[in-house]
Amino acid sequence: MSLVFLLWACFSVLPVAAEQHMTFRSELHQTRYQSLVAELRCPKCQNQNLADSESSIALDLRQQVHFMIEEGKTDQEVVDYMVARYGTFVLYRPPHSSATFLLWYGPFILLAIGLITFFVVVITNRKRKGQPR
Amino acid sequence: MMRRVVLFLPLVAFLALGVMFYSQLGKDVNAMPSALIGQKVPSFTLVSLESDELVTHDNLPNGPYLLNFWGTWCPACHIEHPFLNILAQSGIAIIGIDYKDQKILAQQWLQEKGNPYQQVLMDELGHFGLDMGVTGAPETFVIDSQGSVVYRHQGAINAQNWPIIRGYLR
């Protein structure tokens, strides 16, 4: 039991360790920092966000986010800064544009096609049943 | 007649997907175009490794050149370095950015391995690297004769990928 607790203690401390030196002027700044690093994708390690990655570029970018927040920059300014350097790749929610049209609306278009097909089949079947053989 | 056409729809869908997947085969999934393509090199003020003088973006060469991020801490840079020496000998202009490194180690490295760079600038804190959207080292940008970024290569330059990079250098 104590071993389990020890393991838990070890692993729960790990993510905090990297950020220990970071101080925030307010709770709000800390919350904004945490949501931004969770929302931004690490440019080096494609399946991790900035918060989860231990790569050195992610560490640098976390420090940059921290610096910009403490400097009084808005969330949008931080995101714009990242996009200007690393492209829309860093956004987990890509912007709506012609290139991402299918990504955002493709599923709804497929759903509409499915619904139309469904009703067409149902209606034609009904008509056929109504007709005498 | 209409029924017959409908029966062929799955085949059409299969062929469309087949063509789409086939066209994506063999592509490098990690390749990421730089966000700076078509833009000028961001402004900077860095210290020269050789002369300790401040260098700004105004001091960059006019002609087409390579902007190479490297560091003595980076294993792939060891592999890349001899090839950069060959490129420099064949007259390719290369500006080196010593990325998140120590001055003494970098000077030793160039003494031991040779210096392929026209100029080496130190980016000790990696701020210029951030402005260029660098994710690590080695990373090389091709700057054309207009001073615009036209290509970015992540990883070591070697004889295999050089022809592609060379194509952008004009």
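Attention here is on the structure that accompanies the text. (Residues numbered from 1 in each chain as written. Chains lettered and ligands numbered in written order. Predicted model: local features only at pLDDT ≥ 70, side-chain atom pairs only at ≥ 80, totals over all residues. Heavy atoms only, no water.)

**Topic: the sheet that holds strand β4 (residues 94–99) of chain B**
Residues and elements named next belong to chain B. With respect to topology, 7 strands assemble into an open sheet ordered β2-β1-β5-β4-β3-β6-β7, the strand pairing being mixed. The open sheet has two edge strands, β2 (54–56) and β7 (149–154), and neither has a second partner. The mean angle between the axes of side-by-side strands here comes to 30°, regardless of whether they run parallel or antiparallel. Here β4 runs beside strand β5 (residues 119–123); their pairing, made up of 5 bridges, is parallel. Bridge pairing in β5 places I95 opposite Q119. Packing against the sheet, helix α3 (residues 75–89) makes contact with β3 (65–70), β4 and β6 (139–143), and its axis sits at approximately 160° to β3. (Pairing = 2+ DSSP bridges. Helix = DSSP H or I, 4+ residues; strand = E, 2+ residues; numbered from the N terminus. Axes fitted to C-alpha atoms, helices over the stretch in contact; angles between N-to-C directions. Contact = heavy atoms within 4.5 Å.)

**A closer look at the pairing of β5(B)**
All names here are of chain B. Burial runs high along β5: 4 of the 5 residues are buried. Inspection of the sheet shows strand β1 (residues 45–48) paired to β5 by 2 bridges, in the antiparallel sense. Paired with S48 across the two strands is L121, which belongs to β5. Each parallel crossover has a hand, and the one from β4 via helix α4 (residues 103–113) to β5 is right-handed. (Buried < 20%, exposed > 50% of the residue type's maximum accessible area, 1.4 Å probe, protein only. Right-handed = clockwise from strand over helix to strand, strands pointing away.)

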